[in-house]
Amino acid sequence: MKYCVIGLLVLFSLNMIWAQSIPELEKQLQETTNAQEKITLNQQLANAYLTSDVEKALSYAKAAARESNNSGNKVQAAASNYLIATIADRKKDEGNFKLYMRNAINFSKEANDLDMLIRSTDRLSSYFVKKREWDDAFKTTKVAFDFINAKGYNMSELENRYSTQRGALEKEKRNLEAQINQIQARLADLSAEKNQLSTEKEKLAESNEKLEEKNLMAEEVITRKDEDIQTISKAKVEAEDAAKAKEAEVKQLSREKLEQELVLAEKEAIITVAKLEAEKRKNEVAAQTKFIQLSGLAAAFFLLLSMLLFGRFKAKQRSERTLAEKNKIIEQEKLRNEELLLNILPKNIADELKANGKAKARRFDQVTVLFSDFVNFTKIAEQLTPEELVEELDKCFKAFDHITKQYPDIEKIKTIGDAYMCASGLSERKGLPNNLVQAALDMQSYLEEYKELRIKQGKPYFEARIGLHTGPVVAGVVGDVKFAYDIWGDTVNLASRIEANSEAGQVNISQDTYNLIRYRYDCDYRGKMPAKNKGELDMYYVNKKASTVGAA
């Protein structure tokens, strides 16, 4: 029974590793500064390299162990030492296998992690049995059972837990088998396509052979045509030489006749020149008169044209200045609209809305929602004028806005009366709600400092309840006029119930949120608290830390 459970747990771990590629995990490890995330990523990389590069797997496993020891995380220290022992077993290094498996057992006992204790004990005792070291096998098992009995647990409870995990793992195994069948079907389709392409390739080879034969025939025809052209060109040269000889004979026979005609032509030319000289003098006088008249008209025309062009140039300059001023105003308005849009929508939603005219709703599986509400708000409002009340609300909410802006993964959703709502995890990449918890602590620190200032001034002050819960939500943009980005789901309702069960000055969180932050923040368990329409819920108060935001 134990061997089956351990095998299923290993299969589940490998499946989680395959969900992300090694380059993606190494990139996330380089980018993260969170100790818990470093431990998890080092463990995932060690498992990923376990089948391909044992030395790299060992390096990442030891890094996970160092981070676990530095942060005092006994649970992760046990898991990391178990992983190192597994790698040592793969390398046939019996000394380190026994050393790190005993470390895993000791850390499991310190962390009260019974699952890891049983796995480590089973592996080490199986090793001793295989080596026929019966006394060490008995001692190893007895230590584990003594510890379990001392803690008041019984094996039936552990068997029930293993049965539940085994059912989930078997379901995951069936899903993986279905995916393998789909891949095999796809491989069969690709094989058929490959055979079809091979057939088409053979047909193309036959067509190429036929084309090569046609090309050879065409080259022979072109060669014959070139020979015909050369013959014709030679005959053309001979004909041109004969024509030049005939032309020389004709010129020789008509030379005398041409000389006689030349004499007559010279006499007629002298007479014609005399007539042309007389006509020329007459035309020069008329041309001078016309030139004077045309010069005056041309000067007037060019003056008028210059004035028109200058006026048009000035008008164009004025038009360009006006256009430039309008373009500047348009650009300023465009930037202002962009800033206003980003004030009410996340950047990716704003970009999608500008590009498509609408933004589709999205589901996020791990979002942490924060609600804050002022205690005795109605009573305090009666002590202030409407103007003073709005001014105090504005001052507190601006401080809250300043705090949330310090953390890029936090998105302000809205304010409802005296309630303030924001969330983290509204992105494709899952993250831990550490920043949102720190923001909640900063808000309470600010209100405490501002409370001291108001008491010195003898004026009423605000105290807030804050509640957080983590779970799935749907986010999107609603409305066509004065549209808004909002989130919906049972997670939002639970966060509101958690806030209502808080006390003034406290940060109250649910069990789901506590599971994600317990390695970083010290929390006090409050027990099961009644929640309206939700029954009883496990709740925790987060212990306060020094805030980075002071009262204004």
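Each remark here, short or long, concerns the structure printed above.
Residues numbered from 1 in each chain as written. Predicted model: local features only at pLDDT ≥ 70, side-chain atom pairs only at ≥ 80, totals over all residues. Heavy atoms only, no water.

Draft legend 1. How the structure looks around the overall build of the protein. Looking only at helices and strands, the protein features 16 helices and eight strands. Counting contacts in the protein only where the partners sit at least 6 residues apart, residues at least 24 apart contribute 66% of the total. Here the protein displays about 36,400 Å² of accessible surface, and carbon together with sulfur accounts for 54% of that area. (Helix = DSSP H or I, 4+ residues; strand = E, 2+ residues; numbered from the N terminus. Contact = heavy atoms within 4.5 Å. Areas by Shrake-Rupley, 256 points an atom, 1.4 Å probe, with all protein chains shown as cover.)

Draft legend 2. Molecular detail of the packing of helix α7 (residues 114-130) against helix α8 (residues 134-151). Relative orientation of the contacting elements α7 and α8 amounts to 165°, with a least axis distance of 7 Å. Taken together, the axes of α7 and α8 are roughly antiparallel relative to one another. Crossing handedness for the pair α7 and α8: left-handed. In this structure, α7 uses Leu-114, Leu-117, Ile-118, Thr-121, Leu-124, Ser-125, Phe-128 and Val-129 to contact α8, whose residues at the interface are Trp-134, Asp-136, Ala-137, Thr-140, Thr-141, Ala-144, Phe-147 and Ile-148. (Axes fitted to C-alpha atoms, helices over the stretch in contact; angles between N-to-C directions. Parallel < 35°, antiparallel > 145°, perpendicular 65-115°, else oblique. Left-handed = near helix turned anticlockwise from the far one by under 90°.)

Draft legend 3. Layout of the nonpolar core. Judged by nonpolar contacts, the single largest core of 38 residues is most densely connected at Phe-374, Leu-468, Ile-509 and Val-542. A total of nine residues in this core trace back to one element, the largest contributor, which is helix α14 (residues 434-457). When near neighbours in sequence (up to four residues on either side) are disregarded, Phe-374 contacts Leu-393, Cys-396, Phe-397, Asp-418, Leu-447, Phe-462, Glu-463 and Ala-464. Of all hydrophobic cores here, the second largest spans 37 residues; its members include Leu-45, Ala-85, Met-116 and Ala-137. (Core = buried A, V, L, I, M, F, W, Y, C linked by side-chain atoms within 4.5 Å. Buried < 20%, exposed > 50% of the residue type's maximum accessible area, 1.4 Å probe, protein only.)

Draft legend 4. Quick look at the side chain of Thr-121. Inspection of the secondary structure assignment puts Thr-121 in helix α7. At 2.7 Å, the side chain of Thr-121 and the backbone oxygen of Leu-117 are in polar contact. Other than its neighbours up to four places away in sequence, Thr-121 contacts Ile-105, Thr-140, Thr-141 and Ala-144. (Polar contact = N/O pair within 3.5 Å; in protein donor to acceptor, adjacent residues only side chain to side chain.)

Draft legend 5. Seen up close, the environment of Phe-145. Mapped onto the elements, Phe-145 comes out in helix α8. Phe-145 sits 27 residues away from Ile-118 along the chain, and the two C-alpha atoms are 9.0 Å apart.

Draft legend 6. Focus on the pairing of strand β4 (residues 464-478). The element β4 is extensively covered by neighbouring structure, given that twelve of its 15 residues are classed as buried. In this structure, strand β1 (residues 362-374) lies alongside β4, joined through eleven bridges in antiparallel fashion. Looking at the pairing, Arg-362 lines up with Ala-475 of β4. Direction of pairing for β4 relative to strand β6 (residues 507-510): parallel, over a ladder of three bridges. Across the sheet, residue Gly-467 finds its bridge partner in β6, namely Asn-508. In this structure, β4 lies alongside strand β5 (residues 484-488), joined through five bridges in antiparallel fashion. (Pairing = 2+ DSSP bridges.)

Draft legend 7. Geometry of the pattern of salt bridges. In total, this model carries 17 salt bridges according to the counting rule given. Lys-142 is the partner of Asp-146 in a salt bridge, and the nearest nitrogen-oxygen pair spans 2.9 Å. Within this pair, Asp-146 and its partner Lys-142 are both found in helix α8, separated by four residues, close to a single helical turn. On the accessibility criterion, Lys-142 (40% relative accessible area) is partly exposed. Asp-486 is the salt-bridge partner of Lys-414, the closest N and O atoms lying 2.8 Å from each other. Here Lys-414, found in strand β2 (residues 410-416), pairs with Asp-486, found in strand β5; they are 72 residues apart in sequence, far enough to count as distant. A residue is classified by how much of its surface remains accessible, and Lys-414, at 29% relative accessible area, is partly exposed. Its relative accessible area of 12% is what places Asp-486 among the buried residues. One connected set of salt bridges, linked through shared partners, spans Asp-373, Arg-465 and Glu-499. (Salt bridge = Lys/Arg side-chain N within 4 Å of Asp/Glu carboxyl O.)

Draft legend 8. The arrangement of a nonpolar patch on the surface in detail. Where nonpolar side chains cluster on the molecular surface, the patch consists of Phe-301, Phe-302, Leu-305 and Leu-309 and spans about 410 Å² of accessible area. Tracing the chain through its elements places Leu-309 in helix α10 (residues 255-344). (Patch = residues over 30% accessible without salt bridge, like charges linked within 9 Å, V, L, I, M, F, W, Y side chains within 5 Å.)

Draft legend 9. View of the packing of aromatic side chains. One pass over the structure, following the stated rule, counts twelve aromatic pairs. Between Phe-374 and Phe-462, the ring centres sit 4.5 Å apart and the planes meet at 15°, which makes this aromatic pair stacked. Placement of the pair is Phe-374 in strand β1 and Phe-462 in the loop between α14 and β4, with a sequence separation of 88 residues. The same class applies to Phe-374 and to Phe-462, which are both buried. Directly above the aromatic system of Tyr-82 lies the positively charged group of Arg-119, at a separation of 4.7 Å from the ring centroid. (Phe/Tyr/Trp six-rings, centres within 6.5 Å; stacked < 30°, edge-to-face > 60°. Lys NZ or Arg CZ within 6 Å of the ring centre and 35° of its normal.)

Draft legend 10. View of helix α3 (residues 35-49). Look at α3: 21 Å from first C-alpha to last across 15 residues, which is about the 21 Å you get at 1.5 Å a residue. In terms of burial, α3 is a largely internal element, eleven of the 15 residues being buried. Buried within α3 we find Gln-36, Ile-39, Leu-41, Asn-42, Gln-43, Gln-44, Leu-45, Ala-46, Asn-47, Ala-48 and Tyr-49. At the N-terminal end of α3, a side-chain oxygen is found 2.9 Å from the backbone nitrogen of Gln-36, two or three residues along, and the residue is Asn-34. (Expected span 1.5 Å × (residues − 1).)

Draft legend 11. Fine view of the layout of surface pockets. Here the second largest pocket defines a volume of roughly 690 Å³. Looking at the second largest pocket, it is lined by 31 residues, and the ones nearest its centre are Asp-409, Gly-425, Ser-427, Arg-429 and Gly-431. Elements supplying a minimum of two residues to the lining of the second largest pocket: α11 (347-356), β1, β2, β3 (419-424), α14 and β4. Here the residues of the lining of the second largest pocket are counted per class, giving ten nonpolar, eleven polar and ten charged. (1 Å grid on protein atoms, 1.4 Å probe; cavity = no way out; pocket = protein on both sides within 12 Å on 5 of 7 lines; lining within 4 Å. Points joined across faces, edges and corners; volume = space filled by probe spheres on them. Nonpolar A, V, L, I, M, F, W, Y, C, P; charged D, E, K, R; others polar.)

Purely geometric stuff here, so don't read any function into it on its own.
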